[in-house]
Amino acid sequence: MTSLQKILLVLCLVVLNSCGLIKRPFEYQEIPFDIPIPYGATEEKAIFEACQEVAKDKQNECFNKQLEQHVKTHLKYPRKALAKRIEGVVNVHFRLNTDGSVSIMAVHGSNKILEEEAAFIINSLPCLIPAKINGQAVPFFFTYPITFKLPDSRK
């Protein structure tokens with residue numbers, strides 16, 4: 001092989017590598033976790049953008065406050081549930097993906113109408129900063145209860 005051929009080969013490899021067309025078996029774009037990772041098991045917790053400037057030891061508290069505020073702001077009691085005087089707690093099991101988006105995994109409640117509204121609220125979360133392990137974004141699973149209580153209920 002001539003030196004010109006070697007130079008061309010090296011240039012081709014550099015271009016292919018920089019375009020991401022050459023993958024080495026030990027390099028990963030994402031850690032392939034298929035098992036649920038609980039919120040507390042990650043090195044860097046997932047956070048809302050509003051929590052970025054908060055001290056690390058307060059980010060969990062900030063995350064919970066932001067999530068609670070989002071639910072309070074976006075909760076609209078479904079008309080059908082109001083008319084039928086339906087109340088209850090809906091547990092929304094969701095996954096925060098590596099790109100910060102949310103995927104609903106399951107919704108469990110006493111009524112389908114409330115379940116649909118709870119899923120809508122969680123799906124409307126803004127893009128979050130994902131959790132990380134070893135510096136790489138990882139998906140994690142989270143369960144959040146949403147309580148639907150009629151304002152004039154006297155139970």
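Residues numbered from 1 in each chain as written. Predicted model: local features only at pLDDT ≥ 70, side-chain atom pairs only at ≥ 80, totals over all residues. Heavy atoms only, no water.

(A) Inspection of the overall build of the chain at higher detail. On a plain count of helices and strands, the chain comes out with 4 helices and 5 strands. Starting at the N terminus and ending at the C terminus, the chain contains elements arranged as α-α-α-β-β-α-β-β-β. Considering only intrachain contacts with a sequence separation of at least 6, the fraction spanning at least 24 residues in the chain is 70%. (Helix = DSSP H or I, 4+ residues; strand = E, 2+ residues; numbered from the N terminus. Contact = heavy atoms within 4.5 Å.)

(B) Geometry of helix α4 (residues 112-123). The end-to-end C-alpha separation of α4 is 16 Å, in line with the 16 Å expected for 12 residues at 1.5 Å each. If you check which residues of α4 are buried, you get Ile113, Leu114, Glu115, Glu117, Ala118, Ala119, Ile121 and Ile122. Buried residues belonging to α4 abut α2 (59-74), α3 (79-83), β1 (88-96), β2 (102-108) and β5 (140-148). Its side-chain oxygen at 2.7 Å from the backbone nitrogen of Ile113, Asn111 defines the N-terminal cap of α4. (Expected span 1.5 Å × (residues − 1). Buried < 20%, exposed > 50% of the residue type's maximum accessible area, 1.4 Å probe, protein only. Polar contact = N/O pair within 3.5 Å; in protein donor to acceptor, adjacent residues only side chain to side chain.)

(C) A look at the packing of aromatic side chains. Within this structure, the stated rule accounts for 5 aromatic pairs. For the pair Phe48 and Phe63, a centre-to-centre distance of 5.4 Å together with 50° between the ring planes defines the contact as tilted. Taken together, the residues Phe48 in the loop between α1 (3-18) and α2 and Phe63 in helix α2 connect sequence positions 15 residues apart. Judged on exposure class, the residue Phe48 and its partner Phe63 are both buried. Taking the centre distance of 5.5 Å and the plane angle of 50° together, the rings of Phe94 and Phe142 count as tilted. Residue Phe94 is located in strand β1, and its partner Phe142 is located in strand β5; the two are separated by 48 residues in the primary sequence. Given a relative accessible area of 2%, Phe94 falls into the buried group. On the basis of relative accessible area, Phe142 is assigned to the buried category, the value being 13%. Here the aromatic cluster, defined as three or more aromatic residues joined through ring pairs, consists of Phe48, Phe63, Phe94, Phe140 and Phe142. (Phe/Tyr/Trp six-rings, centres within 6.5 Å; stacked < 30°, edge-to-face > 60°.)

(D) Quick look at the side chain of Asn111. Within the fold, Asn111 resides in the loop between β2 and α4. Within the structure, Asn111 has its side chain in polar contact with the backbone nitrogen of Ile113 (distance 2.7 Å).

(E) Inspection of unusual backbone geometry at higher detail. A positive phi angle, near 55°, is found at Arg85, a position not held by glycine. Within the secondary structure, Arg85 is located in the loop between α3 and β1. Looking at Arg85, the relative accessible area reads 47%, which means it is partly exposed. Of note, Asn134 is a non-glycine position whose phi angle comes to about 55°, a positive value.

(F) Focus on the state of the cysteines. In the structure shown here, the tally under the stated rule is 1 disulfide. Covalent S-S linkage joins Cys51 and Cys62, the inter-sulfur distance amounting to 2.0 Å. Here Cys51 and Cys62 share a disulfide; its torsion about the S-S bond, -85°, makes the bridge left-handed. Of this pair, Cys51 sits in the loop between α1 and α2 while Cys62 sits in helix α2, and the two are 11 residues apart along the sequence. Both residues of the pair, Cys51 and Cys62, count as buried. (Disulfide = S-S within 2.5 Å.)

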